[in-house]
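Structural overview for review
Spelled out, the chains give:
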Amino acid sequence: MPALKKGESLFLAQRGAPLVAPSILSADFARLEVECRAVMEQGADLLHLDVMDGHFVPNLSMGPALCHAVRHHLPETFLDVHMMVTNPGQFIAPFARAGADNFTIHVECDEDIEDLADAIHAAGMTAGLAIKPDTPFEDMAPYVDRFNLLLVMSVHPGFSGQAFIPEVLETTRRLDGMIRSDQHIQMDGGVDPGSAVACREAGCDVLVAASAIFKGDDYGASIAALRGD
Ligand code: DX5
Ligand code: ZN
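A brief structural summary. All figures in this text were calculated on a predicted structure; none of them were measured in a lab.

Cut-offs used in this document
- Position labels on residues start from 1 in each chain and follow its written sequence.
- Chains and ligands are labelled sequentially in the order written, the chains with letters from A and the ligands with numbers from 1.
- For this predicted model, a pLDDT threshold of at least 70 governs which residues receive local features, and a threshold of 80 or more governs which side-chain atom pairs are given and counted, while totals over whole chains, interfaces and linings are taken from all residues.
- Each side-chain value is derived from all of the structure's non-hydrogen atoms; neither hydrogens nor water enter the calculation.
- Atoms are scored as donors when they are N, O or S and lie within 2.8 Å of the metal, with 3.2 Å used for Na, K and Ca; no water is included, so coordination may look incomplete.
- A four-donor site is classed as tetrahedral when every donor-metal-donor angle falls between 85 and 135 degrees; four donors are called square planar, and six octahedral, when trans pairs exceed 155 degrees and all remaining angles lie between 65 and 115, with any other arrangement labelled irregular.
- In this text, helices come from DSSP runs of H or I with a minimum length of four residues, and strands from runs of E with a minimum of two, each type numbered from the N-terminal end.
- When accessible area is computed with a 1.4 Å probe and restricted to protein chains, residues below 20% of their type maximum are described as buried, those above 50% as exposed, and intermediate ones as partly exposed.
- Here a Phe, Tyr or Trp ring, Trp counted by its six-membered ring, pairs with any other such ring whose centre lies within 6.5 Å, and the pair is stacked when the planes are under 30 degrees apart, edge-to-face when over 60, and tilted otherwise.
- Each ring is checked for a lysine NZ or an arginine CZ that lies within 6 Å of its centre and within 35 degrees of its normal; such an atom marks a charge sitting over the ring.
- We call two N or O atoms a polar contact when they sit within 3.5 Å, provided that within protein one can donate a hydrogen and the other can accept it, with sequence-adjacent residues counted only if both atoms are side-chain atoms.
- Note on contacts: a residue pair qualifies if any of its non-hydrogen atoms lie within 4.5 Å across the two residues.
- Strands qualify as paired when DSSP identifies two bridges or more between them.
- Each axis is a line fitted through C-alpha atoms, and for a helix only the stretch in contact is used; angles between axes span 0 to 180 degrees, taken between their N-to-C directions.
- If even one non-hydrogen atom of a residue comes within 4 Å of a molecule or strand, that residue is called near it.
- Note on areas: Shrake-Rupley with a 1.4 Å probe; residue coverage comes only from the protein chains shown.
- The working definition used for a salt bridge is a side-chain nitrogen of Lys or Arg within 4 Å of a carboxyl oxygen of Asp or Glu.
- A crossover counts as right-handed when, viewed with the strands pointing away from the observer, the path leading from the first strand over the helix to the second turns clockwise.

Before going further, it helps to examine the coordination of the zinc ion (ligand 2). On the protein side, the zinc ion (ligand 2) has H48 (NE2), D50 (OD), H82 (ND1) and D188 (OD) as donor atoms, found 2.0 to 2.3 Å from it. Metal-centred angles of 68 to 169° between the six donor atoms at the zinc ion (ligand 2) mark the site as octahedral. Within one chain, the residues donating to the zinc ion (ligand 2) are spaced in sequence as H-x1-D-x31-H-x105-D. In this pair, D50 sits in strand β2 (residues 47-52) while H82 sits in strand β3 (residues 79-84), placing the two residues 32 residues apart along the sequence. For the pair D50 and H82, a shared accessibility class is recorded, and that class is buried.

Okay, here's the thing in structure tokens:
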């Protein structure tokens, strides 16, 4: 599958073959343009940008300026922003201006989930809803209909390089049984070619990986293995 272009609204399409989304959190930040181009040229479908505020999670990462820079150098690439922040609402407009295509909030954030979904769509982006491994599924279930993407965290958010938590596959199966064919399930955290098998079987069609791609020396082989090729 060729790289999807901005404007093709990747997360509005029907679910299909698994998509691979490299998380640039583990890329070499000083060579970011080169790293982003390399994974896209070697079979990735989109880029995943992890935004952290030092409050929702104990780490800091990137903001709208970095998203804008990636958009500038890769005008065709679908950019998926994962907001691990306590108050995401204030960042919807800045990320939309910075060229983000999808904006994912956490169900555990401090703001009204339905209002956020409406604001994200009004800003011209698709909307994702993420859940941490220890949060009861009942907290997410009432909002599922309003989102294009449901993100199941398979590590405790904040850092790359953690081990996959298999218990979250149950959340994925429950989502798989209730979503429409135009909604997507994303797994994020500790996804490698081994754990990706169970993710795909449980219904995930968007696989995020940082370490499994950027810590290796053959990005194309890692991306193909994640997809199950
Ligand atoms: C974790 C982030 C993930 C992370 C994944 O808080 O949301 O996207 O970068 O890293 P790996 O694939 O190394 O677990
Ligand atoms: Zn992420």
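Here the focus is the packing of aromatic side chains. One pass over the full model with this rule turns up three aromatic pairs. Residues F11 and F78 carry aromatic rings whose centres are separated by 4.9 Å and whose planes lie at 65° to one another, so their mutual orientation is edge-to-face. In this pair, F11 is assigned in the segment before β1 (19-22) and F78 in the loop between α2 (64-73) and β3, connecting sequence segments 67 residues apart. In this pair, the class of F11 matches that of F78, namely buried. When the ring centre of F56 is taken as origin, the NZ or CZ atom of K132, which lies over that ring, is 4.9 Å away.

With that settled, consider the side chain of S23. Following the sequence through the fold, S23 ends up in the loop between β1 and α1 (32-41). On the basis of relative accessibility, which here comes to 2%, the residue S23 falls in the buried class. A distance of 2.7 Å separates the side chain of S23 from the side chain of D50, its partner in a polar contact. Once you skip the residues sitting within four places of it in the chain, S23 turns out to touch H48, D50, V208, A209, A210 and F214.

The sheet built from eight strands is open, its strands ordered β1-β8-β7-β6-β5-β4-β3-β2 with parallel pairing. Looking at strand neighbours, the two that pair on one side only are β1 and β2, the edges of this open sheet. Within the sheet, the average angular offset between the axes of one strand and its neighbour, ignoring direction, is 25°. Judged from the three bridges that link them, strand β7 (residues 184-188) and strand β8 (residues 206-209) form a sheet pairing that is parallel. Opposite M187, over in β8, you have L207 as the bridge partner.

A separate point is the site of ligand 1. Close to ligand 1 lie 20 residues, the nearest being D50, G158, D188, G190 and S211. Residue S23 places a side-chain N or O atom 3.0 Å away from an oxygen atom belonging to ligand 1. Within the contact set of ligand 1, an oxygen atom lies 2.7 Å away from a backbone nitrogen or oxygen of G158. In the complex, the protein chains occlude 99% of the 380 Å² of accessible area that ligand 1 would expose alone. Sorting the residues of the shell around ligand 1 by element identifies β2, β3 and β8 as the ones contributing at least two each.

With the rule as written, the count across this model stands at eleven salt bridges. Note that D176 is salt-bridged to R15, the shortest N-O span being 3.0 Å. A residue pair is termed long-range when its members are at least 10 positions apart, and D176 in helix α5 (residues 169-176) and R15 in the segment before β1 qualify at 161 residues. D45 serves as the salt-bridge partner of R227, at 2.7 Å between the closest nitrogen and oxygen. Of this pair, R227 sits in helix α8 (residues 219-227) while D45 sits in the loop between α1 and β2; the two residues are 182 residues apart in sequence, bridging distant segments of the chain. Looking at D45, the relative accessible area reads 0%, which means it is buried. In this structure, a network of salt bridges that share partners links the residues D45, R227 and D229.

Right, let's get into the side chain of N102. With respect to the secondary-structure elements, N102 resides in strand β4 (residues 102-106). For N102, a relative accessible area of 0% translates into the label buried. There is a polar contact of 2.9 Å between the side chain of N102 and the side chain of D80.

Taking burial as the measure, the five residues of strand β6 (residues 149-153) include five buried ones, the bulk of the element. Burial along β6 is two-sided: L149, L151 and M153 facing one way and L150 and V152 facing the other are all buried. Pairing between strand β5 (residues 126-131) and β6: four bridges, direction parallel. Among the inter-strand pairings, I131 is bridged to a residue of β6, identified as V152. Taken together, the five bridges between β6 and β7 define a ladder with parallel strand orientation. Looking across to β7, one finds that L149 is bridged to H184. Handedness of the crossover is the feature at issue here: the chain leaves β6, passes through α5, returns alongside β7, and the resulting connection is right-handed.

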